[in-house]
Amino acid sequence: MDFPTLFVTACLLAGGGLYWFLCILGSAEQKGKHAVQFSFGSLGKEKVQEGYKQYWSFFRCPKEIINTADKVPAFVDTFYNLVTDIYEWGWGQSFHFSPSIPGKPHRDATRMHEEMAVDLLGVKTGSRILDAGCGVGGPMRTISAHSGANVVGITINEYQVKRAQAHNKKARLDSLCEVVCGNFLEMPFADNSFDGVYSIEATCHAPKLEEVYKEIYRVLKPGSFYVSYEWVTTELYNSNNPEHVEIIQGIERGDALPGLRSYKDIGGIARKVGFEVVKEKDLAKPPAKPWWTRLKMGKIAYWRNHILVTVLAWLGIAPKGAVDVHDMLFVTADYLSKGGDTRIFTPMHMVLCRKPE
């Protein structure tokens, strides 16, 4: 083979390899979002680094300032502008965990976990239910397809609304699924207007759980059910153990949490706003298989994706700050794994409540 032919062949192979690396690799469960399409929400590429710095500035504030309702929504909105594209690219459309199922892929485990939530509500085809903190709508689409219910999702992040609407239309579920941009602490819905409500690993972002539970109670019809999967510390958490404290604070910093609650608080808060607590259970406890193995099994993928994000930033395709955001999520994944290993943290403390007649 002469030199020109060899050179052209090498260029074609290199170009094809680069295209595969940049445009194909790393799209885990969501095939419609690639790394070269990162937009970082409503921030705009030129403001990603600024947004990242703004996010971390919240943690330099005194705890009493962070834990005020007027500060937290902006804090959470900034976080999801930064991470939504990366979550969707490397994780899928459902931004939550689920117990692993032997012999089943993560997608199946996620689907079954979501279907269980709506099954607990006992709703019928045509019922109107609320997804409080819907993200880009992965659970919403699973639940509407499974139950035949009309699902209204609310998220504080405008970019997530657009992503959810696009996914709903692509899945041909836009007639069953509606998405609203708003704060679940002050929802734009009438009293007694939903036949059921669920929240999947979402109300942990509320500065005071009582406030979001009170709003959910208001919009729920009498006699109907509300189910939530809560992020909490377990009975094994020791606030005097420095390692435990570091793990929990690492989870809080990396997941936009104003402060994790104890499992002991959830039922009491639900009763305080008027709910009857029907059932309360940590779905992560044995015989359930570990939820955090997905994070451990994904370490190679994390490194691969981190290299990809770094290359994209170096080429100017990804914005400044993208590497910092991905690094933050990589570190947080480690804290979540440690929380699972030590069992001092669970993302699946389930509480099923009923609004009295």
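One structure accompanies this document, and this report is about it. (Residues numbered from 1 in each chain as written. Predicted model: local features only at pLDDT ≥ 70, side-chain atom pairs only at ≥ 80, totals over all residues. Heavy atoms only, no water.)

1. Looking at the overall build of the chain
The line we're drawing: Only DSSP runs of H or I covering at least 4 residues are called helices, and only runs of E covering at least 2 are called strands; the numbering of each starts at the N terminus. Burial classification: accessible surface area is computed with a 1.4 Å probe over protein chains only, and a residue below 20% of its type maximum counts as buried, one above 50% as exposed, and the rest as partly exposed. Contact criterion: two residues are considered in contact whenever any of their non-hydrogen atoms come within 4.5 Å of each other. Only the protein chains shown count as covering a residue, and every accessible area follows the Shrake-Rupley method with a 1.4 Å probe.
Across its full length, the chain carries 13 helices and eight strands. Each of the 357 residues in the chain was classed as buried or not, and the buried ones make up 52%. Partitioning the contacts of the chain with sequence separation of at least 6, the portion at a separation of at least 24 is 79%. As displayed, the chain has an accessible area near 16100 Å², and 57% of this comes from carbon and sulfur atoms.

2. Here we look at the pairing of strand β8 (residues 345–354)
Regular strands place their side chains on alternate faces of the sheet. So the rule is basically this: Two strands form a pair only when DSSP identifies at least two bridges running between them.
In terms of residue burial, β8 counts as a mostly covered element, since 10 of its 10 residues are buried. The pairing of strand β5 (residues 220–233) with β8 spans eight bridges and is classified as antiparallel. Note that in β8 the partner of Val 232 across the bridge is Thr 346. The pairing of strand β7 (residues 276–282) with β8 spans six bridges and is antiparallel. Among the inter-strand pairings, Lys 279 is bridged to a residue of β8, identified as Leu 352.

3. Quick word on the packing of aromatic side chains
To keep it simple, the criterion reads: For Phe, Tyr and Trp, where Trp contributes only its six-membered ring, two rings pair if their centres lie within 6.5 Å, and the inter-plane angle classes them as stacked under 30 degrees, edge-to-face over 60, or tilted in between. Geometrically, a charge over a ring is one whose NZ (Lys) or CZ (Arg) sits within 6 Å of the ring centre while staying within 35 degrees of the ring normal.
Enumeration over the complete set of coordinates arrives at 17 aromatic pairs. Where Tyr 217 meets Phe 275, the ring centres are 5.0 Å apart and the plane angle is 80 degrees; that geometry is what we call edge-to-face. Here Phe 275 lies in the loop between α10 (263–272) and β7 and Tyr 217 lies in helix α8 (residues 209–219), a separation of 58 residues in the sequence. Residue class for Phe 275 comes out buried when judged on its relative accessible area of 3%. Seen from their ring centres, Trp 291 and Trp 292 are 5.5 Å apart, and the 80 degrees between their planes marks the pair as edge-to-face. Between the NZ or CZ atom of Arg 294 and the centre of the ring of Trp 91, over which it lies, the distance is 3.6 Å. In this structure, Lys 355 packs its charged tip against the face of Tyr 217, placed 4.8 Å from the ring centre.

4. Side note on empty space enclosed by the protein
For clarity, the cut-off: Residues are said to line a cavity or pocket when one of their atoms sits within 4 Å of a point; the points come from a 1 Å grid over protein atoms alone, cavities being sets where a 1.4 Å probe fits but cannot get out and pockets being open sets with protein on both sides within 12 Å along at least five of seven lines. Grid points are joined across faces, edges and corners, and a volume is the space filled by probe spheres set on the points. Only Asp, Glu, Lys and Arg are considered charged, only Ala, Val, Leu, Ile, Met, Phe, Trp, Tyr, Cys and Pro nonpolar, and every remaining residue, Gly among them, polar.
Taken as a whole and assessed by the stated rule, the structure comprises two cavities of 30 Å³ or more. Volume-wise, the largest cavity comes out at about 70 Å³. What lines the largest cavity is simply His 96, Phe 97, Ser 98, Pro 99, Ser 100, His 106, Ala 109, Thr 110, Pro 290, Trp 291, Thr 293 and Arg 294. For the lining of the largest cavity, the secondary-structure elements that each account for two or more residues are α5 (106–121) and α11 (293–297). When residues in the lining of the largest cavity are grouped by element, the largest group, three residues, is from α5. Classifying every residue of the lining of the largest cavity by side-chain character gives five nonpolar, six polar and one charged.

5. Structural notes on the packing of helix α2 (residues 48–57) against helix α13 (residues 322–342)
As a reminder, the rule being used: Each axis is a line fitted through C-alpha atoms, taken for helices only over the stretch in contact, and angles between the N-to-C directions span 0 to 180 degrees. Put simply, angles under 35 degrees are roughly parallel, angles over 145 are roughly antiparallel, angles from 65 to 115 are roughly perpendicular, and the rest are oblique.
Direction vectors running N to C along α2 and α13 enclose 40 degrees, while the axes themselves pass 8 Å from each other. One way to sum up the angle between α2 and α13 is to call them oblique. Where α2 approaches α13, its residues Val 48, Gln 49, Tyr 52, Tyr 55 and Trp 56 are matched on the opposing element by Ala 322, Asp 324, Val 325 and Met 328. Looking at side-chain class alone, the contact of α2 with α13 contains seven nonpolar, one polar and one charged residues.

6. Topic: unusual backbone geometry
At the junction of Pro 286 and Pro 287, the peptide bond is cis and its omega measures out at 15 degrees in the coordinates. Mapped onto the secondary structure, Pro 287 falls in the loop between β7 and α11. Here the phi dihedral of Arg 172 falls at roughly 60 degrees; this positive angle occurs in a residue that is not glycine. Here Arg 172 is to be found in the loop between α7 (158–170) and β3 (177–181). Not every positive phi belongs to a glycine, and Glu 201 is a case in point at roughly 55 degrees. Here Glu 201 lies in the loop between β4 (194–200) and α8.

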